[in-house]
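So the chains spell out like this:
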Amino acid sequence: MCWGCPVVDFALSDEQQLLRDTARALFTKECPPSLVRDAFYDVTDAGPAAARAFHDTRLREWAALGDGPLVDLALFLEESGAVLAPGPLWVSAAWALPLLRAAGHTEADAVADGSLTATVAVADATGRWEPGDHDECWFVPHLGEVDRVVFLRSGPSVLVVDAAEVVGSPIEALDRTRPLARVAVPAGSTSPVDPAAVADATDRATVGLAAELVGVGRWLQEATLAYVAERVQFDKPVGSFQGLQWKLVDASLHQERASAAVAYAAMCVDADDVDRASAVHVAKAAAGGSARHWARTGLQAHGGIGYTWEHDLHLRLRRAYGGDHLLGDADWHRDRLAALLLD
Amino acid sequence: MKLSWGPEEEAFRAEIAAFLDEHTPEQLRDGRDWIGEEADEVPQWARDWQALLFDAGWMIPAYPPELGGRNATPLQTLVYQEELAARGVPRSVHFGGYGIVGPSLLEFGDEAQRALAPAAIRGDTVWCVGMSEPDAGSDLGSLATRAELDGDSFVVNGQKVWTSYAEWAERCFLYVRTNPSAPKHQGISVLILDMDTPGVEVRPLRHITGNAEFAEVFLVDAVVPRSNLVGELDEGWRITMGSLAHERGGLWLEGVGYAQRALDGLVELARDRGLAGDPVVRRRLGELHEEVRSIRALGYKGFASFAQGSSAPEHSYMKLAASELRQRLNEFGMDLQGAYATVTDPTLAAQGGRFQAAWQMSLAATIGGGTSEIQRNIVANRVLGLPRG
Ligand SMILES: Cc1cc2nc3c(=O)[nH]c(=O)nc-3n(C[C@H](O)[C@H](O)[C@H](O)COP(=O)(O)OP(=O)(O)OC[C@H]3O[C@@H](n4cnc5c(N)ncnc54)[C@H](O)[C@@H]3O)c2cc1C
C-alpha cells in the first residue's frame with residue numbers, strides 16, 4: 001500500500017468551521033424534532049406543508065454545495081442527517097447535480113441554485129444500483145418532492161424527465177423521512193455520459209449519504225450518553241454500569257471510525273486520489289454499520305422508553321437501516337472492497 | 001481539510017526511506033515480526049542497528065542530535081513513523097529504554113540521571129521497566145514493593161513480574177512504595193536499580209510462545225543509593241504517565257502498519273489457497289479491509305488535533321482498536337489454512353508459519369500496556385464522560 005500518498009489533514013479550515021456552525025445553528029433553530037414528526041410520523045394538517053416550506057425557504061440555497069468540494073457538502077449533510085432534515089437536498093445536490101453536469105444538461109445550473117430539485121432513478125427491481133435497460137426503476141428517493149427525475153441508463157446515458165410526467169408509486173418502507181418509489185421509465189432519447197463522470201457522481205452520492213449516516217449515528221450517541229447519565233436504577237445512573245459502558249464504548253469506536261472514514265473519503269474524492277475507490281466503499285460500509293450499531297445499542301440502553309413511538313430514537317433507527325441499504329449496504333461495499341483486493 | 005504532503009515532507013520521507021532501505025538489518029526485513037530470539041543478551045546486530053539509528057539522528061527524530069534525533073517537527077515525526085510502520089521495522093528489540101526510560105529521565109531526572117538518557121536511547125545500556133507485581137497489574141497504584149530510606153540508601157524488598165527484558169537488562173526503572181501510609185497513588189517513587197545489586201534475582205518466565213522474554217524479579221534487601229531516586233520522593237505516579245509525549249501523535253501507526261501488512265498477507269494467502277473466489281472469504285477480507293482503513297483514518301484524524309495542540313480523544317481508541325483487530329487478522333490467517341491452521345512447522349504452514357506465530361504474540365497485545373478492558377474503562381470515563389461505577 002501507499003503510505004506516502006495521502007496526507008491527511010483532518011483539521012477544518014476557518015471556512016469549514018463556519019459552514020458547520022452555520023448548519024448547526026440553522027438546524028437547531030429551524031428544524032426542531034416536531035417539524036419532522038408532524039410531517040412524517042404524527043402527521044398533522046399543517047405538518048407536511050411546514051416541512052416543505054422549511055426545505056424551500058432554508059435548504060434550497062445549499063444545493064450549490066453540490067458543485068463544490070465534497071468535503072464541504074459532507075459537512076453539511078452530516079448536520080442535515082442528524083436532524084433528519086426534510087426534503088431532497090442529498091439526492092438533488094450530491095447525486096442528480098453531478099449527473100446533470102456530466103451530461104452537460106441545461107438545467108444543471110437551476111438545480112445548483114436550488115430553483116429546481118431532482119432525484120435519480122437507477123436501481124432495478126432486484127435492488128442493483130447499476131445502470132441498465134430495465135423498464136422500471138426502483139428505490140427512487142423523494143420522487144414526490146422533486147421537479148426532475150434523472151434516469152441513469154445503460155451506456156451509461158441519462159434521460160432527464162419532468163417529475164410531473166412520470167408514473168410512480170410509493171414503496172412502503174421503514175424510513176418515512178426518505179420516501180422511496182418505483183417509477184416506469186418513460187420513452188425518450190437518452191444522452192450519453194462519460195462513465196468516469198457517472199462514477200464520480202456515484203462516489204459523491206455515496207459519500208454524501210455516508211455523511212448523513214454519520215450525523216444519524218452522532219445524534220444517537222449524544223442522546224444515549226445523555227440518557228444513561230440521567231436515568232437512575234439501583235441508586236446509580238445506569239451509565240455507571242460497566243456492562244453497559246463497554247457496549248457504548250464499542251459503538252462509539254465504530255462511530256469514530258465512520259466519521260474519520262467519511263472525512264477521508266471526501267478528501268480522496270476531492271483530490272482524485274489513487275485511494276479514492278477504496279476510501280468510498282470503506283466510508284459507506286463504516287457509516288452504515290455504525291449508524292445501525294448505534295441504533296441497536298442506543299435503543300437497548302434506553303430500555304422501554306426507547307421502544308416507544310413518542311421517543312425520537314426510532315426515527316433515527318429507521319434512517320440508519322434505510323440509509324445503510326440505500327446505494328449498497330455495508331456488506332455490499334465490503335464485497336466491492338474484496339474485489340479491489342483480489343480481482 | 002486537504003490531502004497532500006508538501007515538498008519538504010516528501011524530501012524528508014525520501015531521506016528516511018533511503019536510509020531504511022539501505023541499512024535495515026536482514027533480521028528485521030520483509031515485515032518479519034521479530035520474535036525475541038532465545039538469547040542471553042541483546043544480539044549484536046540489534047545493538048548495532050539501534051546505535052546506527054541514534055548516530056544518524058533517526059532514533060527519536062524530534063530530539064536534538066545528541067539524543068539521537070534531528071529536531072524534527074511533529075509532521076516529520078509522523079512521516080518517519082509512517083515509513084517504519086510501512087516496513088514493520090522496529091527501532092529496537094527492547095522498547096523500554098528508548099520508549100519509557102530515556103524520555104522519563106530527561107523529563108524527571110536530575111543532571112546525573114539525565115546523563116544516562118543517551119545510552120538508554122542508543123541501547124548501550126539495556127533497561128527493563130518494573131511496574132507490575134503479583135498483586136498489582138491493572139491496578140498499578142496498589143504496588144507493594146517496599147523501599148525504606150535508611151540514611152543515604154533505600155532498602156528494597158518485594159517482587160516484580162512480567163518484567164520484559166529483565167534477563168538482558170543492566171538497569172531497571174523500578175516503581176516502589178516509599179510511603180505506605182499515604183493514599184495509594186501518593187506513596188510511590190521511582191528508583192534506578194542496577195540489576196547486579198546483591199539481593200536482586202531474575203527468574204525467567206516463558207511466554208505461551210515458548211520464549212522467555214519476560215521474568216519475575218525478586219528483591220531482598222537490595223540496597224539502592226538515594227541518589228538513584230528519580231524525581232521527588234513519593235511522587236513517582238506522575239512518572240508513570242511520562243513517555244514519548246512528542247511521539248504520541250503517531251505511535252498508533254505501528255499497529256496500523258502491522259494490520260495492513262497482515263491484511264496483505266491474507267490476500268496472498270486467500271489466492272494461494274484457491275479461496276479468492278469464495279464469497280465468505282471475500283466478505284471477511286472486505287470487512288477487515290474496512291476496519292484497517294477506517295482505523296487508519298481515525299489515527300490521522302487524531303494526529304490533526306495533536307499537531308494543533310489539542311487533546312485527541314481518537315488516540316484513546318487506537319490501542320484498543322488496533323490490538324483487537326490484530327488478533328482477528330491473525331486468527332483469520334490461520335482459519336484460511338484449514339487443517340494446517342494449527343501447524344506451526346514453518347516448512348509446512350503457509351508463509352513460513354507467520355500467522356500462527358503472530359497470532360500467539362497478538363494475544364499479548366490486549367493485555368500488556370493496559371488491557372482492553374482498562375482501555376474501555378478509560379474511554380468510557382474520560383472520552384464519553386460516563387459516570388464512574
Ligand atoms: C508480553 C507482556 C509484557 C509485559 N511487560 C511488562 C513489563 O515490561 N513491565 C511491567 O511492569 N509489566 C509488564 N507486563 C504486565 C502488564 O502490564 C500487565 O499484565 C497488565 O497491566 C495486566 O495486569 P495483570 O496481568 O495483573 O492482569 P489483571 O489486572 O489481574 O487483570 C485480569 C483481568 O481482569 C480485568 N480487569 C482488571 N481490572 C479491571 C477493571 N477495573 N474493569 C474491568 N476489568 C478489569 C483485566 O482486563 C483482565 O482481563 C507485560 C505483560 C505482557 C503480557
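Residues numbered from 1 in each chain as written. Chains lettered and ligands numbered in written order. Predicted model: local features only at pLDDT ≥ 70, side-chain atom pairs only at ≥ 80, totals over all residues. Heavy atoms only, no water.

Draft legend 1. Quick look at the overall build of chain B. Broken down by element type, chain B carries twelve helices and eight strands. In terms of C-alpha radius of gyration, chain B reaches 22 Å, essentially the compact-globule figure of 21 Å for 389 residues. C-alpha atoms of chain B, sized along the principal axes, occupy 75 × 50 × 50 Å. In chain B, which comprises 389 residues, the proportion classed as buried is 53%. Sequence separation of at least 24 residues holds for 68% of the intrachain contacts in chain B that already meet a minimum separation of 6. Accessible area of chain B: about 16,300 Å², with a carbon and sulfur share of 51%. Seen as two clouds, the 36 positive and the 54 negative side-chain charges of chain B have centres 7 Å apart. (Helix = DSSP H or I, 4+ residues; strand = E, 2+ residues; numbered from the N terminus. Rg over C-alpha atoms; globule rule 2.2 N^0.38 Å. Buried < 20%, exposed > 50% of the residue type's maximum accessible area, 1.4 Å probe, protein only. Contact = heavy atoms within 4.5 Å. Areas by Shrake-Rupley, 256 points an atom, 1.4 Å probe, with all protein chains shown as cover. Lys, Arg positive; Asp, Glu negative; His and termini not counted. Charge placed at Lys NZ, Arg CZ, Asp CG, Glu CD.)

Draft legend 2. Inspection of the domain arrangement of chain A at higher detail. Residue and element names in this part refer to chain A. Taken domain by domain, chain A consists of domain 1 (14–192) and domain 2 (195–342). Between the C-alpha centres of domain 1 and domain 2 there is a distance of 21 Å. Contact residues are listed per partner, giving 36 residues for domain 1 and 37 residues for domain 2. Both sides together, the interface formed by domain 1 and domain 2 hides about 3,200 Å², and carbon and sulfur atoms give 63% of it. By the criterion of area lost to domain 2, the three top residues of domain 1 are Arg 37, Leu 70 and Trp 129, representing 20% of everything that side buries. (Domains from an automatic or database assignment. Buried area = accessible area lost by both parts, 1.4 Å probe.)

Draft legend 3. The arrangement of the nonpolar core in detail. In terms of nonpolar packing, the biggest core is built from 190 residues, with Phe 27, Phe 76, Trp 90 and Trp 95 of chain A together with Val 156 of chain B touching the most fellow members. It is helix 8 (residues 242–271) of chain A that contributes the most residues to this core, 16 residues altogether. Apart from the residues lying within four places of it in its own chain, the contact partners of Trp 90 of chain A are Leu 77, Trp 95, Pro 141, Arg 178, Ala 205, Gly 208, Leu 209, Glu 212, Leu 326 and Leu 327 of chain A. Ranked by size, the runner-up nonpolar core spans 19 residues in total, among them Ala 120, Leu 143, Tyr 175 and Val 190 of chain B. (Core = buried A, V, L, I, M, F, W, Y, C linked by side-chain atoms within 4.5 Å.)

Draft legend 4. Inspection of the domain arrangement of chain B at higher detail. Splitting chain B by domain gives domain 1 (7–93), domain 2 (125–238) and domain 3 (252–383). Distance from the C-alpha centre of domain 2 of chain B to the C-alpha centre of domain 3 of chain B: 33 Å.

Draft legend 5. Layout of the packing of aromatic side chains. Residue and element names in this part refer to chain B. Counted under the stated rule, the structure contains 19 aromatic pairs over all chains. On the basis of an interplanar angle of 75° and a centroid distance of 5.5 Å, the ring pair of Phe 95 and Tyr 98 is categorised as edge-to-face. With Phe 95 and Tyr 98 both in helix 4 (residues 95–108) and three residues apart, this pair spans about one turn of that helix. What makes Phe 95 partly exposed here is its relative accessible area of 37%. It is Arg 70 that lies over the ring of Trp 58; its NZ or CZ is 3.6 Å from the centre. (Phe/Tyr/Trp six-rings, centres within 6.5 Å; stacked < 30°, edge-to-face > 60°. Lys NZ or Arg CZ within 6 Å of the ring centre and 35° of its normal.)

Draft legend 6. Local environment of the confidence of the model for chain A. Looking at chain A as a whole, the pLDDT averages 96, with 98% of positions reaching at least 70. Note on residues 1–7 of chain A: pLDDT under 50 across the span, and 29 contacts to partners over four residues away in sequence or across chains. (pLDDT = per-residue confidence, 0-100.)

Draft legend 7. The sheet that holds strand 5 (residues 168–171) of chain A, seen in detail. All names here are of chain A. Across the sheet, which stays open at both edges, the three strands sit in the order 2-6-5 with antiparallel pairing between neighbours. Unpaired on one side and paired on the other, strand 2 (136–141) and strand 5 mark the two borders of the sheet. Recorded for the sheet is a direction-independent mean angle of 30° between the axes of neighbouring strands. Note: strand 2 against strand 6 (residues 180–184), four bridges, orientation antiparallel. By the bridge assignment, Glu 136 is partnered in strand 6 with Ala 184. (Pairing = 2+ DSSP bridges. Axes fitted to C-alpha atoms, helices over the stretch in contact; angles between N-to-C directions.)

Draft legend 8. The arrangement of the site of the ligand in detail. In the vicinity of the ligand there are 20 residues, among which Ser 132, Ser 138, Trp 162, Thr 371 and Glu 373 of chain B approach most closely. Mapping the residues adjacent to the ligand onto the chains of the assembly identifies chains A and B. For the ligand, an oxygen atom lies 2.6 Å from a polar atom in the side chain of Ser 138 of chain B. At 3.1 Å from a nitrogen atom of the ligand is found a side-chain nitrogen or oxygen belonging to Asn 377 of chain B. Relative to its unbound accessible surface of 970 Å², the ligand loses 64% to contact with the protein. Mapped onto the shell around the ligand, the elements with two or more residues apiece are helix 8 of chain A together with strand 3 (153–164) and helix 12 (372–383) of chain B. In terms of residue class, the shell around the ligand is made up of eight nonpolar, eleven polar and one charged. (Near = heavy atom within 4 Å. Polar contact = N/O pair within 3.5 Å; in protein donor to acceptor, adjacent residues only side chain to side chain. Nonpolar A, V, L, I, M, F, W, Y, C, P; charged D, E, K, R; others polar.)

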